[in-house]
Every structure is written in structure tokens, then in C-alpha cells.
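Structural overview
What follows is each chain in one-letter form.
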Amino acid sequence: MWDDAFPSFLIGLREGLEAGLVVSILVATLVRADARSRLPQVWTGVLAAITLAMSFGAVLTFTAASLSATAQEAFGGTLSVIAVAFVTAMVFWMRRSARSLSGEIKEKVTGALAMGSGVLILTSFLAVGREGLETALFLWTTAQAAGESSGPLTGAAIGLLLSAALCWGLYRRVLKINLTKFFTATGAVLIVIAAGVLGYGLRDLQEGGVLPGKAAYAVDLSGSIDAGSWYSTLVQGVFNLTPVMTWLQVLGYAGYLAVVMTLFVRGLRATAPKPASGKAAPAPDAPTPARRRPAWVVPVAVVTVPALLAGLAVAFGRPKPGAAQTVAVSEKHCGEGFTAPSPGRQTFQMHNTGDKTAEVYLIDPATNAVYGEIEGLAPGTTRALVATVADGAYAWRCVPGGGTAVTSKAVRVTGGGAAKAVVPVSEHDLSGPLAQYRTYVDEGLAALVPQTRTLADDIRHNHLGKARTDWLTAHRTYAALGAAYGTFEDFDQKIDGRAAGLPDGVHDKHFTGFHRIEYGLWHGEPATSLTAPAQQLAADAAGLRKAFPHQDFDPSDLPLRAHEVLENTLQFELTGDTDEGSGTNLATADANLAGTRELLTVLRPLLTSRAPHLLPTVDADVARLQKLLDSAQHGSHWTPVGQLDATARARVNGVTGQLLEDLSPVPDLLEIRKSA
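We now turn to the structure provided with this report. Being a predicted model, the structure only gives us computed values, none of them experimental. (Residues numbered from 1 in each chain as written. Predicted model: local features only at pLDDT ≥ 70, side-chain atom pairs only at ≥ 80, totals over all residues. Heavy atoms only, no water.)

**Concerning the pairing of strand S5 (residues 358-363)**
Taken across its 6 residues, S5 has 5 buried, putting it largely inside the fold. The pairing of S5 with strand S6 (residues 370-377) spans 5 bridges and is classified as antiparallel. Considered in S6, the bridge of valine 360 is made with isoleucine 374. In sequence, S5 turns back onto S6 through a hairpin of 6 residues, with asparagine 368 there showing a positive phi of about 65°. Bridging between S5 and strand S8 (residues 392-400) involves 6 bridges; their strand directions are antiparallel. By the bridge assignment for S8, isoleucine 363 is matched with alanine 395. (Buried < 20%, exposed > 50% of the residue type's maximum accessible area, 1.4 Å probe, protein only. Helix = DSSP H or I, 4+ residues; strand = E, 2+ residues; numbered from the N terminus. Pairing = 2+ DSSP bridges.)

**Let's talk about the packing of aromatic side chains**
Counting across every chain of the model gives 11 aromatic pairs. Each ring, one from phenylalanine 338 and one from phenylalanine 348, has its centre 6.0 Å from the other, and the planes form 75°; the classification is edge-to-face. Here phenylalanine 338 is found in the loop between strand S3 (325-329) and strand S4 (344-352), whereas its partner phenylalanine 348 is found in strand S4, with 10 residues between them in sequence. The residues phenylalanine 338 and phenylalanine 348 share a single accessibility class, namely buried. Between tyrosine 371 and tyrosine 394, the ring centres sit 4.9 Å apart and the planes meet at 50°, which makes this aromatic pair tilted. Highlighted residues: tyrosine 371 in strand S6 and tyrosine 394 in strand S8, separated in sequence by 23 residues. (Phe/Tyr/Trp six-rings, centres within 6.5 Å; stacked < 30°, edge-to-face > 60°.)

**A look at the sheet that holds strand S7 (residues 382-389)**
Across the sheet, 3 strands lie side by side as S3-S4-S7; this open sheet has mixed pairing. In this open sheet, the two edge strands, each paired with only one partner strand, are S3 and S7. Going across the sheet, the axis of each strand differs from the next one's by a mean of 35°, ignoring polarity. The pairing of S4 with S7 spans 8 bridges and is classified as antiparallel. Note that in S7 the partner of glutamine 346 across the bridge is alanine 387. (Axes fitted to C-alpha atoms, helices over the stretch in contact; angles between N-to-C directions.)

**Topic: the environment of phenylalanine 511**
Its location among the elements puts phenylalanine 511 in the loop between helix H13 (490-496) and helix H14 (514-521). Owing to a relative accessible area of 3%, phenylalanine 511 belongs among the buried residues under this scheme. Along the primary structure phenylalanine 511 and lysine 494 are separated by 17 residues, whereas in three dimensions their C-alpha atoms are 8.0 Å apart.

**Notes on a negative patch on the surface**
Residues Glu427, Glu489, Asp490, Asp552 and Asp554 make up a contiguous surface patch of negative charge. Considering the arrangement of structural elements, one finds aspartate 552 in the loop between helix H15 (527-547) and helix H16 (557-571). When its relative accessible area of 65% is taken as the criterion, aspartate 552 is described as exposed. (Patch = residues over 30% accessible without salt bridge, like charges linked within 9 Å, V, L, I, M, F, W, Y side chains within 5 Å. Areas by Shrake-Rupley, 256 points an atom, 1.4 Å probe, with all protein chains shown as cover. Salt bridge = Lys/Arg side-chain N within 4 Å of Asp/Glu carboxyl O. Lys, Arg positive; Asp, Glu negative; His and termini not counted. Charge placed at Lys NZ, Arg CZ, Asp CG, Glu CD.)

**Quick word on the pattern of salt bridges**
Between side chains of opposite charge, a pair can form as their charged atoms come close. Under the definition given, this model contains 12 salt bridges. One salt bridge connects aspartate 457 with arginine 460, and the closest N-O pair in it is separated by 3.2 Å. Of the two residues, aspartate 457 and arginine 460 are both situated in helix H11 (residues 427-460); the distance of 3 residues between them amounts to about one turn of the helix. Look at arginine 460 and you get partly exposed, because its relative accessible area is 46%. One salt bridge in this structure joins lysine 466 and aspartate 458, with 3.3 Å as the shortest N-O distance. Of the residues examined, lysine 466 reaches a relative accessible area of 43% and is grouped as partly exposed. When its relative accessible area of 5% is taken as the criterion, aspartate 458 is described as buried. A network of salt bridges, in which partner residues are shared, links Asp458, Lys466 and Asp470.

**Observations regarding the environment of tyrosine 361**
Relative to the helices and strands, tyrosine 361 is located in strand S5. Through-space distance from the C-alpha of tyrosine 361 to that of valine 329 is 10.0 Å; in sequence the pair is 32 residues apart. A distance of 2.5 Å separates a polar atom in the side chain of tyrosine 361 from a polar atom in the side chain of glutamate 359. (Polar contact = N/O pair within 3.5 Å; in protein donor to acceptor, adjacent residues only side chain to side chain.)

**Concerning H14**
A large share of H14 lies buried, amounting to 8 of its 8 residues. Listed in full, the buried residues belonging to H14 are Phe514, His515, Arg516, Ile517, Glu518, Tyr519, Gly520 and Leu521. Here the buried face of H14 lies against H11, helix H12 (464-479), H13 and H15. (Contact = heavy atoms within 4.5 Å.)

**Looking at the packing of H16 against helix H17 (residues 585-610)**
Two quantities define a packed helix pair, namely the angle between the helix axes and the distance between the axes. For the pair H16 and H17, the least separation of the axes is 9 Å and the interaxial angle reads 165°. Taken together, the axes of H16 and H17 lie roughly antiparallel to each other. When you trace H16 past H17, the crossing you get is left-handed. Every residue of H17 that contacts H16 at Leu558, Pro559, Arg561, Ala562, Val565, Leu566 and Thr569 is listed here: Ala589, Asn592, Leu593, Thr596, Leu599 and Leu603. (Parallel < 35°, antiparallel > 145°, perpendicular 65-115°, else oblique. Left-handed = near helix turned anticlockwise from the far one by under 90°.)

**A look at the packing of H17 against helix H18 (residues 614-630)**
Direction vectors running N to C along H17 and H18 enclose 165°, while the axes themselves pass 11 Å from each other. Classified by the angle between their axes, H17 and H18 sit roughly antiparallel to one another. Judged by the twist between their axes, the crossing of H17 over H18 is left-handed. Of the residues in H18, those in contact with Leu586, Ala589, Asp590, Leu593, Arg597, Leu600, Arg604, Leu607 and Thr608 of H17 are Leu614, Leu615, Val618, Asp619, Val622, Leu625, Gln626, Leu629 and Asp630. Its residues assigned to classes, the contact of H17 with H18 shows 11 nonpolar, 2 polar and 5 charged. (Nonpolar A, V, L, I, M, F, W, Y, C, P; charged D, E, K, R; others polar.)

**With respect to unusual backbone geometry**
The phi torsion at asparagine 368 lies on the positive side, around 65°, for a residue other than glycine. Mapping asparagine 368 onto the fold places it in the loop between S5 and S6. Overall, the relative accessible area of 26% leaves asparagine 368 in the partly exposed class. Although it is not a glycine, asparagine 462 sits at a positive phi angle of roughly 65°. Along the chain, asparagine 462 turns up in the loop between H11 and H12.

Following this line, the structure appears as C-alpha cells:
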């Protein structure tokens with residue numbers, strides 16, 4: 001989080017200090033001029049500026065939320081470029097003005113006092129408002145880059161609080177800061193950060209279709225750099241440099257940095273201190289207002305107006321709930337109330353008018369591609385379905401539980417570009433991959449049976465050293481069949497069950513299989529106490545092989561297991577939770593990865609046609625994880641998870657987590673959906 005927080009901390013500190021200096025000098029001048037009665041006017045302008053900045057942030061957030069995914073990318077990229085322009089201008093202005101900032105502000109305050117309360121409010125409002133708008137814009141763009149991280153908000157809050165403390169100290173003459181040196185140092189750092197924001201914005205514009213070249217990669221270090229490591233996360237959070245960057249990103253980043261930093265450094269050499277003004281500030285005379293008005297009118301007005309304008313922008317910028325179409329869902333009335341919608345992000349109120357719980361899909365009737373869906377819509381209930389509508393044909397498919405699927409009349413939408421849809425998968429589509437995987441599992445079980453018999457013979461003849469080696473061989477064979485663990489029924493608990501949850505733990509009579517033998521082999525139990533468990537393991541392995549051809553293997557399990565096998569690996573093997581003394585959790589993780597790779601092999605044709613960019617990313621993740629696991633193997637010995645140093649362990653966990661994240665779309669992409 002802190003790497004995401006640093007850029008926002010710096011901008012919050014700079015902008016807060018700049019605005020705070022204005023306010024503190026305003027207040028100090030009024031106090032010295034014995035015009036304390038004018039202080040509420042300063043705070044009114046400050047409060048109005050803060051309200052304006054918060055309202056601006058709300059408009060940015062809610063405006064983006066109402067856009068399609070592609071439009072959000074374009075919107076975010078555009079604002080990122082604007083933010084860079086604002087920050088660049090601010091950096092150069094502060095470089096020029098830092099030496100004479102205090103004197104200039106005092107002159108403005110003196111003029112404001114002479115011109116009345118309205119100008120004093122406006123002075124404080126403009127002084128704080130400009131920095132507030134820049135902060136809101138920059139914070140919004142850095143928050144977009146950080147995703148769900150709370151770092152940008154935390155960093156900005158800390159920076160603003162610190163700037164407030166510094167300004168209070170300056171007002172009380174507790175602290176003295178060399179403004180020239182401060183703004184020079186932070187200006188150089190902000191130029192580097194702004195270059196990263198520019199690169200991020202250009203990538204968003206490419207993703208949004210505004211700029212070309214989103215697949216033209218200049219840098220792709222995903223196979224050699226651990227994206228989950230602390231150093232990689234820090235570089236990405238602070239500088240927005242990622243392992244994969246396009247040519248446009250690289251050229252934009254390098255070009256901006258080279259030009260702007262050169263101008264900034266040259267300007268530092270050319271800038272000379274401005275001579276201090278020798279004029280003494282005349283004592284201001286508080287003017288008498290021409291007519292009196294209630295004291296609360298101006299503060300309420302300047303605070304309410306920005307909030308009201310922001311509310312109107314949000315209200316008119318988002319789809320009106322009342323404009324959502326109400327569409328019937330049932331066998332007899334599927335799609336009633338559906339008319340051709342406007343292009344863009346639309347909300348449909350799906351109302352089940354039948355007497356059965358139903359599923360409903362918004363589809364392309366020509367290809368059956370799915371744009372949106374609702375499952376488990378109960379009779380008489382209404383739920384919202386949000387989908388992006390673009391150029392093409394659309395229809396509703398209603399699938400009542402136990403009933404017949406019905407497809408509504410299609411409508412045609414023109415304009416709006418293109419929308420992403422998921423091509424549905426049927427049981428027939430998965431039948432081929434399932435048959436291939438069943439063959440793989442059957443071959444694995446055929447190898448497992450003699451391996452467990454060999455293990456049992458080792459123990460029976462008291463060859464415990466050889467038994468440890470043969471135990472690992474057999475256990476890895478079984479672990480590589482992870483996609484079938486939900487199909488093995490009770491055999492899985494007998495063969496690979498854990499002691500967790502058993503009343504007597506590792507000494508419980510129901511603790512059997514690989515882990516029971518592992519505990520005995522690595523805790524000094526004699527062969528006589530392990531002979532029976534080993535023979536039972538061999539018998540259970542033979543029983544599983546005989547039963548497997550007749551066990552039900554749901555085709556929909558294949559896409560789920562592509563994600564779940566490694567999810568269990570992260571939860572159990574990489575935490576050491578399943579280690580009963582052998583220290584071979586990473587060997588098991590390696591076998592689980594082999595099983596996942598086999599799953600991806602049989603699912604590859606279906607995934608390639610639906611998400612062509614997914615598999616190259618996943619393949620790179622798999623290669624990175626395989627490399628890390630290989631480094632933990634030393635001949636027949638594996639480094640125990642608990643003996644990995646903190647960096648290596650974090651790297652394995654981070655790469656596995658990234659692979660899981662990249663695999664997470666697979667179940668949705670290959671979900672079996674009913675068709676008419």
C-alpha cells in the first residue's frame with residue numbers, strides 16, 4: 001500500500017503546503033492588521049474551495065462509473081494526461097515563484113483588504129481551490145492506477161495533515177523552511193512521477209481504442225521479473241513502470257522525462273532571486289459594506305453551489321433508474337417489454353412473471369454470445385442486469401428451472417462501436433477435453449498403483465530410507481491428478497486425507513493414506529507400525545483405479561479445477577499446512593502445477609477462441625512459477641517451505657497469486673450455459 005501512497009503523499013504535501021502558506025499568510029496579515037473580524041471571510045473561501053475539490057472528485061468518480069469499460073479506459077487516460085499537464089505547470093510555477101512567494105501573497109492580501117469582503121473570500125477561495133482541484137485530479141488518476149489499493153487516499157491524507165502542521169508551525173514561527181530548496185527537490189521528484197502517470201494514461205488511451213499500438217510491446221519482462229515482489233510493487237506504485245510496456249508508453253515516458261527535466265534544470269540555473277519590495281504595506285482600512293446581509297448567506301452559498309452543481313452533473317451523467325426497461329422472464333412471456341436500447345451501458349429490470357426460478361441471458365441470437373446474465377431469478381422478483389450495448393443484434397434467452405429454454409424476438413442496435421461478449425460453452429464442447437483428461441487421469445492411476453505397492457514392500461522389508469524416496473514419487477503422481485479430486489469420492493480422503501479435524505490428530509485411527517505414512521517415516525516410527533497403513537494405501541489406490549471409469553466426472557468441473565487446484569496449493573502447500581515432516585510441500589506444489597498445465601492443455605482450444613490474450617499471460621505465469629519451484633529442488637531433496645528466506649517465499653506466493661488472478665476468468669469463460 002505504501003508504494004501506492006508515496007506519489008499521493010508527495011502531491012498532498014506540496015499542494016497542501018502551497019495552499020496552507022496562502023491561508024496562513026492571509027490569517028497572519030489580518031491578525032497583525034487588527035482585522036480579526038475578517039477571518040470568517042477567509043475560512044468561508046477555504047471551505048468553498050474544499051467543497052469544490054470534493055465535488056470535482058465525485059463528478060470524476062461517478063462519471064467514470066457510468067461509462068462502459070472501454071470508455072472508462074479512455075476517460076481515465078485523458079484525465080491522466082490532463083493531470084500531468086497541471087502538475088507540470090505547477091512545478092514550473094513554483095520553481096519561479098518560491099523565492100518571492102511570501103511577499104507576493106502579502107501584496108494580494110493587502111489589496112483584498114482594501115476591496116471588501118467579497119474579494120477576500122475570492123482570494124482565499126482561488127488560492128486553495130486551484131490546489132484542491134489539482135489534488136483531486138491527480139489523486140483520482142493515481143487511485144485508478146492503484147486499482148483497489150487504499151494507498152493513494154492514505155498517502156494524500158498524511159501529506160495534507162503534515163502540510164497543515166507545517167503551515168501552523170510557520171504561522172507560529174516555530175519552523176522555518178527554505179521554500180526554494182523544498183520546491184526544487186519535490187519538483188524534480190514530481191516530474192519523474194508525472195512521467196509515470198503519463199505512461200499509465202497513454203496505456204489507458206490504447207486500451208480505450210483512442211490510440212493505436214496496444215499490442216506493440218517494447219518491454220516484456222513478465223517472465224523474468226516477479227510482479228508480486230516488494231521491489232516490483234514499489235517501482236510500479238511510485239513510478240508506474242510495469243514489467244510489460246508498449247512502445248507508446250516507453251516513448252511517452254522517456255520523451256516527457258527528457259524534455260521536462262532538462263527545461264526544469266536549465267530554469268534553475270537561470271532563475272535569480274527577485275529583489276524584495278522596499279514598499280511598506282499600508283495599514284488596511286476595513287471598508288464599510290453598502291448594505292448588510294445575514295452573516296450565514298455567503299458561507300452557505302459558496303459551499304452549497306459547488307455541491308449542487310456536482311450533484312446535477314452526477315445525476316445527469318448517469319443512466320436514470322426510471323429509464324431502465326422492465327423485461328419479463330418466463331416461458332410464455334420471455335423478453336416482453338424489451339425494445340431496442342440506446343448504445344452504451346444500460347440497466348434492465350428483469351422481472352420473473354412465471355412460476356419457476358429461472359436463468360436469463362442477454363445474447364447475440366446469431367452466435368449465442370452472452371452479454372449479461374442473471375441466475376436464480378425467483379418467481380415474482382425483479383433484479384437489475386447491467387450490460388454494455390453496442391452495434392449488433394440482441395435478444396433474451398429465458399431458461400426456467402426444469403423447463404424449456406425460450407429465446408425472445410431480436411432487436412437491432414446501431415452505433416456505439418463494439419461490446420465484449422462471452423461465447424457460451426455446451427456440454428458437447430467440453431466432452432472432448434473431458435475425454436482427454438479422463439485418459440490422463442487413468443494413466444496416472446495406472447502408474448500410482450504399482451508405486452504404492454513398491455512403497456508398501458519397502459516398509460514391509462524395513463527399507464525405510466528407500467521408502468521415503470518411493471513415498472515422494474507416489475505422492476507426486478497422485479498430486480498431479482488434482483483436477484479429479486472432486487470425482488474420487490471417499491477415496492480421496494482415504495488416500496490423501498489430512499489429520500486436521502480428527503479428534504486425535506495424527507494418532508487418530510481414521511488418519512490414513514500418504515500423510516499418515518509421511519508422519520511415521522519422518523518421525524521415527526518402526527516399520528511394524530507403518531506396514532498396515534502402507535498396505536491399506538496400496539489397496540485404496542487399486543480400488544480407485546478400478547472405480548474411476550465408472551465415477552461421474554461433471555464436465556463443468558474442468559474449468560473450475562483450472563483455478564481451484566492452485567488455490568488449494570496456495571492455501572495448504574505453500575503455507576506448510578500439509579507438511580507431516582517430509583518438507584516436500586514444494587514438490588507437491590510442483591505436481592499440482594503439472595496437473596494444472598495438463599488442464600490448460602485440454603482446454604486450450606476453447607480458451608484460445610474466447611480469450612486469445614489470456615493464455616500467453618497464463619503461460620508466462622506458469623513458466624515463472626515453474627522456474628521458482630525448480631530452484632527449490634536439489635536432486636532428490638526439496639527445500640521445505642519453512643526454510644525459504646522471506647524474499648523467496650514472498651516471491652513464490654506472489655507469482656502463484658498472480659497466476660490465480662490470471663486464471664480466475666476461466667470458469668466464467670467456459671461456464672456451461674443452456675440454449676434453446
